[in-house]
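Given next are the chains, with one letter for each unit.
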Amino acid sequence: MRYSSLLENWRAFTRNAYISRCRMSTVAEAGPSTKPAQTKGSAQPSEDELRRRRRTEWKRRQNGQTFLDNTVIHVRAGNGGDGCVAFHRELFKPYGPPSGGNGGRGGDVYIMPTPHLTTLSSVPNRIRAQHGGTGQGTWQNGRNAPPLIIKVPLGTIVRELPPDDPRRSKDEYESEAEALQGLNPQERRAKMRERRWVHYPEWADDNAQREDFKHAERVLFAQERERRRARKLRAENLIYLDLDKSEETAEAADPNAPLGHRRVEPMGHLVAQGGAGGTGNPAFLSPTNRSPKWATRGAEGERVSFALELKLLADVGLVGMPNAGKSTLLRALTGGRARTEVAGYAFTTLNPVVGVVRVAEDGSFDGHTESLVHDETHVEEAHERALLDSGALADALTRNQKRGLEDREGADDPAVDPFAALEAFRFTVADNPGLIEHASANVGLGHAFLRSMERSHALAYVVDLSLPAPWDELRVLREELEQYKPGMSAKARIVVANKADLLAGGDAAEAEVEVAEARAKLERLQAFVRDEMRVDVDGVERELDVVPVSAKYSMNMRKVVRLMRGYVEEARIRSEAP
């Protein structure tokens, strides 16, 4: 009877609980179902939302990759750890000596160039190093914070912003002065002591009356004045770094270095020093004060603002109008390894792309094949998709398998890289966005991207030979280069007349006429370059080379590579000369 009553009570309890849950779920489901009916069609997206959507779609069209060649960063080194106020206690020793540890040093900030990056988009705008560890009792010092290394691409120029630059953030002393603004002298002194001293619990007022504490405070302020003076001297000599060389050493990259020897790993250039750690109370022990009940806090790390500007280290820069075939030319020079976007509309290339050209002794280069056709990107993707669907690439190695083979056998193995044994010279070529007339007035994409070509040893004009007047393009390109930077057009060495394959075609009877017209147009282009495109270098006039090519069908590319190699070798010899 007892068990039956308990069972009946349990059934009633579970039934009521189930009913209450059903009611709650019904209310929860009914609430949101009526809300969209009230707001449907009533609110239009704001202008900010539309702008964010457009920006998101733009990034999606860029395959999630953004190119950034200039930015402003605010660097803040780590603060030092606070010192500790503690006294040693152990069995039979209730009043031990002071045992507070010192604080750890704040993290320094370094900038190091690396060849593995090509854009500044991975560098955050605000960089903050770790703080040092706080001291502990029983003479335990705080941990020093590890240094923070900012990795930037090769060719980055680092400039410290001057004090009058509006983009600059306040340094550590200016921020403290702003925090103390508006306080009366007593509040100001109390705030300054709070930022600099650590007191034993309930001993702050008592310590302020002691002569030993006042003497320690005077010493601390004298040290701080020296740091402020050193900071002002440094502000007169602003940091300027031209990071055009890698900081990696041979010992750090050598995998066969002896075991047990410490490898010196490069850290780059110091740009912000971390704050010094605070001092524990044992440092204030004196004959007149056997139990100091105060310690110092860690110093603040330096705060510096920098302007980063990326200038790509490409040996040859391609300059041309939109849709002149620069991207196709880069793919033909690199054997299709440079995955640039190729399409039949203007401004296909929105960001600079750098490719590597590998040349053998006989003048051939890696990937050069007369029968290789570099078509538009969507055509090649459709062809590759058809090969995948047909199973023709079933036995081909995947990217991970190729990478594993390279790691296991080495990149110099002919089985992995057949051209490695033939390579005698290499140089880099940069494909840049199209440059149009009045780009200096911010028409089109502007000409701010030309900063990536300031370091190039040589510039190559790329013109569309199939146009009625390709020499007009040359005139516009030269004027826009001079508008961007006077004297920059003197770096031009060659005129690549692309799309020469479009000048002849159709019937055999019409081919002879078209070939004669193409030769006449090429001769007029050469005469224009010879008469009006001469450049003056160190008092000597230099004539530009004119080479007709078909980048799509890889025709006459060996001559282009041979000339570019000569330009780069000449520039490198000139730069290495004392």
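Here is what the cut-offs are and how they apply
Residues numbered from 1 in each chain as written. Predicted model: local features only at pLDDT ≥ 70, side-chain atom pairs only at ≥ 80, totals over all residues. Heavy atoms only, no water. Buried < 20%, exposed > 50% of the residue type's maximum accessible area, 1.4 Å probe, protein only. Helix = DSSP H or I, 4+ residues; strand = E, 2+ residues; numbered from the N terminus. Pairing = 2+ DSSP bridges. Phe/Tyr/Trp six-rings, centres within 6.5 Å; stacked < 30°, edge-to-face > 60°. Contact = heavy atoms within 4.5 Å. 1 Å grid on protein atoms, 1.4 Å probe; cavity = no way out; pocket = protein on both sides within 12 Å on 5 of 7 lines; lining within 4 Å. Points joined across faces, edges and corners; volume = space filled by probe spheres on them. Nonpolar A, V, L, I, M, F, W, Y, C, P; charged D, E, K, R; others polar. Axes fitted to C-alpha atoms, helices over the stretch in contact; angles between N-to-C directions. pLDDT = per-residue confidence, 0-100.

A.B. asks: Explain the pairing of strand β2 (residues 109-114) to me, and be specific about the residues and the numbers.
C.D. replies: Among the six residues that make up β2, six are buried, leaving the element largely enclosed by the rest of the structure. Both faces of β2 are covered, namely the face carrying V109, I111 and P113 and the face carrying Y110, M112 and T114. In this structure, β2 lies alongside strand β4 (residues 148-153), joined through six bridges in parallel fashion. Bridging across to β4, Y110 finds its partner in I149. Direction of pairing for β2 relative to strand β8 (residues 269-272): antiparallel, over a ladder of three bridges. In the strand pairing of β8, V109 is matched with A272.

A.B. asks: If you had to explain helix α8 (residues 326-333) to someone new, which residues and values would you point to?
C.D. replies: Summarising burial for α8: eight of the eight residues are buried, a large majority. Positive backbone phi, at 70°, marks G335, one or two positions downstream of α8.

A.B. asks: Explain the packing of aromatic side chains to me, using residue names and the numbers behind them.
C.D. replies: Applying the stated criterion across every chain, the model contains six aromatic pairs. Measuring from centroid to centroid gives 5.7 Å for F87 and Y200, while their planes differ by 75°, and the two rings are edge-to-face. Taken together, the positions of F87 in the loop between β1 (70-76) and β2 and Y200 in the loop between β6 (197-199) and α5 (204-208) put the pair 113 residues apart, joining distant regions of the chain. Take Y200: its relative accessible area is 30%, and that puts it in the partly exposed class. One aromatic cluster is present, built from ring pairs that chain together W197, F213, F284 and W294.

A.B. asks: Pulling in residues and values, what's your account of the side chain of E217?
C.D. replies: Along the chain, E217 turns up in helix α6 (residues 211-236). Since its relative accessible area comes to 4%, E217 is described here as buried. The residues contacting E217, other than those within four sequence positions of it, are R189, R193 and W197.

A.B. asks: Would you mind going over the layout of surface pockets in detail, with residue names and values included?
C.D. replies: Approximately 1,000 Å³ is the volume found for the second largest pocket. Taken together, 44 residues form the lining of the second largest pocket, with L220, R227, R297, G298 and A299 sitting closest to its centre. The set of elements that each furnish at least two residues to the lining of the second largest pocket consists of α3 (172-179), α4 (185-196), α6 and β9 (294-296). No other element matches α6, which puts 11 residues into the lining of the second largest pocket. Looking at the lining of the second largest pocket, its residues break down into 12 nonpolar, 17 polar and 15 charged.

A.B. asks: Quick rundown of the sheet that holds strand β18 (residues 545-548)? Include the residues and the values.
C.D. replies: For sheets, the rule is that strands pair by backbone hydrogen bonds, running either parallel or antiparallel. Pairing within the open sheet is mixed, and its six strands lie in the order β12-β13-β11-β14-β15-β18. Two strands lie at the open edges of the sheet, namely β12 (353-360) and β18, each paired on one side alone. Neighbour to neighbour, the strand axes of the sheet diverge by 25° on average, direction disregarded. Where β12 and strand β13 (residues 423-431) come together, eight bridges link them in antiparallel fashion. Within the sheet, the bridge partner assigned to A360 lies in β13 and is E423. Here α8 sits on the sheet and contacts β11 (316-320), β12, β13, β14 (458-464) and β15 (492-498); the angle it forms with β13, its principal contact strand, is near 165°.

A.B. asks: Go over the sheet that holds strand β3 (residues 126-128), please, and point to the residues and values.
C.D. replies: Here five strands make up an open sheet; going across it, the order is β3-β1-β10-β5-β7 and the pairing mixed. Both outer strands of the open sheet, β3 and β7 (240-243), are each paired with one neighbouring strand and no more. Recorded for the sheet is a direction-independent mean angle of 20° between the axes of neighbouring strands. In the sheet, β1 pairs with strand β10 (residues 303-310) via seven bridges, with the strands oriented antiparallel. Bridging from a neighbouring strand, I73 pairs with F306 of β10.

A.B. asks: Tell me about the confidence of the model for the chain, and name the residues and values.
C.D. replies: For the chain, the mean per-residue pLDDT works out to 78, and 70% of the residues sit at or above 70. For the chain, the element scoring lowest by mean pLDDT is helix α1 (residues 2-39), at 45; β9 scores highest, at 96.

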